Amino acid sequence: METLTQRANLLRESLHRSETITDRMVAILGSFDHRLSALESAMRPTQLRTHAIRTAHENIDKTLRSADVILGQFDRTREAEREILKGPSEDLEGFLEAVDRLRSIVRFFSSNKSYKSSDGVLNHANTLLAKAIARMEDEFLKQLSSRSKPVEPDHLFDCLPSALRPSSESPGQQADNGRHPSAPNQSEHQVYTPPTLIDPRFLPLLCKLAQQLVQAGHQQQCLKIYREARSSALERSLKNLGVEKLSREEVQKMQWESIEAKIGNWIHFMRIAVKLLFAGERQLCDKMFEGINSLKDQCFAEVTGNSMAVLLSFGEAIAKSKRSPEKLFVLLDMYEIMRELQPEIEAIFEGKACSGMRESALSLTKQLAQTAQETFGDFEEAVEKDATKSTVLDGTVHPLTSYVINYVKFLFDYQSTLKQLFQEFGTGDETNSQLASVTMRIMQALQTNLDAKSKQYKDPSLAYLFLMNNIHYIVKSVRRSEAKDLLGDDWIQRHRRVVQQNANQYRRVAWAKILQSLSGQGLTSSGGSGVPGSDGGNSSGASRTAVKERFRSFNIQFDELHQRQCQWTVPDQELRESLRLAVAEILLPAYRSFIKRFGPLIENGKGPQKYIKYTPEDLERMLGEFFEGKATSEGRR
């Protein structure tokens, strides 16, 4: 217990000492807090002075930086001024960079007008910019004019597919005698390469000049410069190619041969203009004014407008000229090329600014179609009403027949084009049946006219020969052309029978009288049958005088027939041989029979050769001279 009491006392003493120490520490810390507060109060003015000094330093730095920027703008202004005053001729690219710097300077001082000198610098920069823009206009005109050269014809021809390159004689002549290939064949596997109108090395700088002018608000001046330079080059390219500006009145006064040649050239010019020159101008406009669609389309429209109008006006003059059958095929050629080019015209002349040219091109296509359709209708009527009074003296194929047949043959070269016409103006029937119907009507009109012309012959046998020749020519031509499938075998067989009927009629009319002189009828007392070619029989009772008269009559008639019909013509060799054979088959047997039966009466008398002038072999040889047209052949050639 004593030990415990001692330990408790020690513990109590320790706790008392700890409390004392704690009180002393609290007192010491309290004195520190008081002294720190006093120190803080003493340092506050120093902190305030330090913050003010720091802020002042920051303001000075900011001011110095602003001053550097302003001084830099002044330096840039002086540098830009030197470039502007030198002009664009020496260093165009440097000049354009100086203009960009000036624009930047103007923007800087416009947004920092608080500077005392900003108004003066702005005025000076704007004055320099105005001078720069004026010089840019002059330089744009100079550069664009010097780079805008006409494209030479030879270079244009090299840009065409080889199949469409013209011969050396004329730029409009094609490999197939002026008949250009149909549109589907042209577009298939054929590449047109528009010519390079401005050297690509100079194009970027020209584009920058144009963009600078547009940015400066000088769109109209830029448009005017571009239009004058490029339209002049385009018009000279077309003029060098052979394009002429002709009024409708001038076209109407020209001879058909001249018009036909100019139409062939015009078809070629249209293809070159649209696929090469206009396409090239569109590409150039798109690059020059990239991103400025309204100006791009307007520029292209004004550059190409006059050239397009010149080309279309010639087509309109032809479409509105007096219709005649020979114009149908050139009208179809013109219609074909306009239909071929229509999609490209729509694509190249896109935009509102070009709408007038698109509409004019479409209008011409419709006018050509309408005129061709009306001319096609006129032809059928003209064939039926052809009032040519002059006859072909030798009964050969009439020029009208060959003209109409050639016309029909050509029609089949234009089947796809006629199909389009029938679709536009037809009744909705199948186009093949329409073409067949029209062709049959033309053939019928021709036959009606030939029947009328045959009646002008005084000799009926020559009239039948004329009809035989002409119908045979028609049938043969149809059989060798595409018209065969369209008209059909029935039509061909029916008209072959007409040929045979006319041949039979010729033989009957031409040879009936001479065959009658070889008949025994009226020579014998018993009035024998006298059927030509019957078995000889007895010539008893026949009058020698009457027999002599018969031989004399035969000789006179045959000489007349030989003399006259050697001048007649059957131009087809096969038909000519067939007709000679048909005549020989009726004449020679009758002649042999007559000589056999009555020849002895003459041979036993004086001068038999005076009456029996020809042997059957002589007649056969002389028949081989018929239908050669000998007397008139030189004249026809």
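The structure displayed is predicted, hence computed values, not measured ones. (Residues numbered from 1 in each chain as written. Predicted model: local features only at pLDDT ≥ 70, side-chain atom pairs only at ≥ 80, totals over all residues. Heavy atoms only, no water.)

1. Focus: the state of the cysteines
In the structure shown here, the tally under the stated rule is 0 disulfides. The thiol of C222 is not disulfide-bonded; the next cysteine sulfur, from C299, is found 6.1 Å away. (Disulfide = S-S within 2.5 Å.)

2. With respect to the packing of helix α18 (residues 489–517) against helix α20 (residues 573–603)
Two elements in contact, α18 and α20, have axes whose closest approach is 10 Å; the angle formed by their N-to-C orientations is 15 degrees. Regarding the angle of α18 to α20, the classification is roughly parallel. Both α18 and α20 take part in a crossing whose hand is right-handed. On the side of α18, the interface is formed by A503, Y506, R507, W511, L515 and S517, while α20 contributes L579, A582, V583, I586, L587, A590 and F594. (Axes fitted to C-alpha atoms, helices over the stretch in contact; angles between N-to-C directions. Helix = DSSP H or I, 4+ residues; strand = E, 2+ residues; numbered from the N terminus. Parallel < 35°, antiparallel > 145°, perpendicular 65-115°, else oblique. Left-handed = near helix turned anticlockwise from the far one by under 90°. Contact = heavy atoms within 4.5 Å.)

3. So, a nonpolar patch on the surface
Taken together, the side chains of I21, M25, I28, L29 and F32 present a nonpolar region at the surface, about 490 Å² in accessible area. Inspection of the secondary structure assignment puts I28 in helix α1 (residues 2–86). With a relative accessible area of 41%, I28 lands in the partly exposed category. (Patch = residues over 30% accessible without salt bridge, like charges linked within 9 Å, V, L, I, M, F, W, Y side chains within 5 Å. Areas by Shrake-Rupley, 256 points an atom, 1.4 Å probe, with all protein chains shown as cover. Salt bridge = Lys/Arg side-chain N within 4 Å of Asp/Glu carboxyl O. Buried < 20%, exposed > 50% of the residue type's maximum accessible area, 1.4 Å probe, protein only.)

4. Side note on a negative patch on the surface
On the surface, D413, E482, D485, D489 and D490 cluster together into a patch of negative charge. Inspection of the secondary structure puts D490 in helix α18. Its relative accessible area of 62% is what places D490 among the exposed residues. (Lys, Arg positive; Asp, Glu negative; His and termini not counted. Charge placed at Lys NZ, Arg CZ, Asp CG, Glu CD.)

5. Side note on the pattern of salt bridges
Going through the model one piece at a time under the given rule, you end up with 23 salt bridges. For E381, the salt bridge goes to K385, with nearest N and O atoms at 3.1 Å. Highlighted residues: E381 and K385, both in helix α12 (residues 355–385), separated by 4 residues, approximately one helical turn. Looking at E381, the relative accessible area reads 43%, which means it is partly exposed. The class of K385 is exposed, set by a relative accessible area of 59%. Sharing partners across several salt bridges, the network here consists of R271, K275, E340 and E344.

6. Quick notes on the nonpolar core
Of all hydrophobic cores here, the largest spans 170 residues; its most connected members are F140, Y226, W266, M288, M338, W511 and F558. Top contributing element to this core by residue count: helix α9 (residues 256–288), with 17 residues. Setting aside residues up to four positions removed in sequence, W266 forms contacts with L311, F314, G315, M334, I337, M338 and L364. (Core = buried A, V, L, I, M, F, W, Y, C linked by side-chain atoms within 4.5 Å.)

7. Describing unusual backbone geometry
The backbone phi angle of F627 is positive, close to 65 degrees, even though this residue is not glycine. The residue F627 is located in the loop between α21 (616–623) and α22 (630–636) in this model.

8. Describing empty space enclosed by the protein
A probe matching the size of a water molecule, rolled over the atoms, marks out where space remains unfilled. Inspection of every chain in the model, using the stated rule, returns 2 cavities of 30 Å³ or more. Roughly 40 Å³ of internal volume is contained in the second largest cavity. For the lining of the second largest cavity, the secondary structure elements donating two or more residues are α13 (399–413) and α16 (460–479). Here the lining of the second largest cavity gets 4 residues from one element, more than from any other, and that element is α13. (1 Å grid on protein atoms, 1.4 Å probe; cavity = no way out; pocket = protein on both sides within 12 Å on 5 of 7 lines; lining within 4 Å. Points joined across faces, edges and corners; volume = space filled by probe spheres on them.)

9. Digging into the environment of C354
Here C354 is to be found in the loop between α11 (328–348) and α12. Placed 53 residues apart in sequence, C354 and A301 show a C-alpha to C-alpha distance of 5.3 Å.

10. Things to note about α13
With 15 residues, α13 extends 21 Å between its outermost C-alpha atoms, agreeing within 8% with the 21 Å of an ideal straight helix rising 1.5 Å per residue. Where α13 is concerned, the buried positions are L400, T401, V404, I405, Y407, V408, L411 and F412. Looking straight down α13, one finds that the buried residues subtend no more than 155 degrees of arc, so they occupy a single side. (Expected span 1.5 Å × (residues − 1). Arc of directions from axis to C-beta.)

11. A look at a positive patch on the surface
Together, K409, R479, R480, K484 and R496 make up a positively charged patch on the protein surface. With respect to the helices and strands, the residue R479 is situated in helix α16. R479 sits in the partly exposed class, given a relative accessible area of 46%.

12. Quick look at the packing of helix α7 (residues 219–241) against helix α10 (residues 293–319)
Between α7 and α10, the least distance of the axes is 8 Å, while the angle of their chain directions is 35 degrees. For the pair α7 and α10, the sense of crossing is right-handed. Along the contact surface, α7 presents Q219, L223, Y226, R227, R230, S231, L234, E235 and L238, while α10 presents L295, Q298, C299, E302, V303, T304, N306 and S307. Within the contact of α7 with α10, the residues separate by chemical class into 7 nonpolar, 6 polar and 4 charged. (Nonpolar A, V, L, I, M, F, W, Y, C, P; charged D, E, K, R; others polar.)

13. Focus: the confidence of the model for the protein chain
Averaged over all residues, the pLDDT of the protein chain equals 82, while 83% of them reach at least 70. The lowest-confidence element of the protein chain is helix α5 (residues 183–187), averaging 43 in pLDDT; the highest-confidence one is α16, averaging 95. Residue range residues 169–188 is modelled with pLDDT below 50. Its contacts to residues more than four positions away, or to other chains, number 37 contacts. Between residues 632–637, whose pLDDT stays under 50, and residues either more than four places distant or in other chains, the model counts 5 contacts. (pLDDT = per-residue confidence, 0-100.)

14. Details of the packing of aromatic side chains
Applying the stated criterion across every chain yields a total of 21 aromatic pairs. Considering the side-chain rings of W266 and F314, the 6.3 Å spacing of their centres and the 40 degrees angle between planes classify their relative orientation as tilted. Taken together, the residues span a long stretch of sequence, with W266 in helix α9 and F314 in helix α10 at a distance of 48 residues. The buried category is assigned to F314, whose relative accessible area is 6%. Every member of this aromatic cluster is reached through a ring pair, and the members are Y506, W511, F554, F558, Y591, Y614, F626 and F627. Above the face of the F202 ring, R147 is positioned so that its terminal group lies 3.6 Å from the ring centre. Here R282 stacks its cationic end above the ring of F300, 4.3 Å away from the centre of that ring. (Phe/Tyr/Trp six-rings, centres within 6.5 Å; stacked < 30°, edge-to-face > 60°. Lys NZ or Arg CZ within 6 Å of the ring centre and 35° of its normal.)

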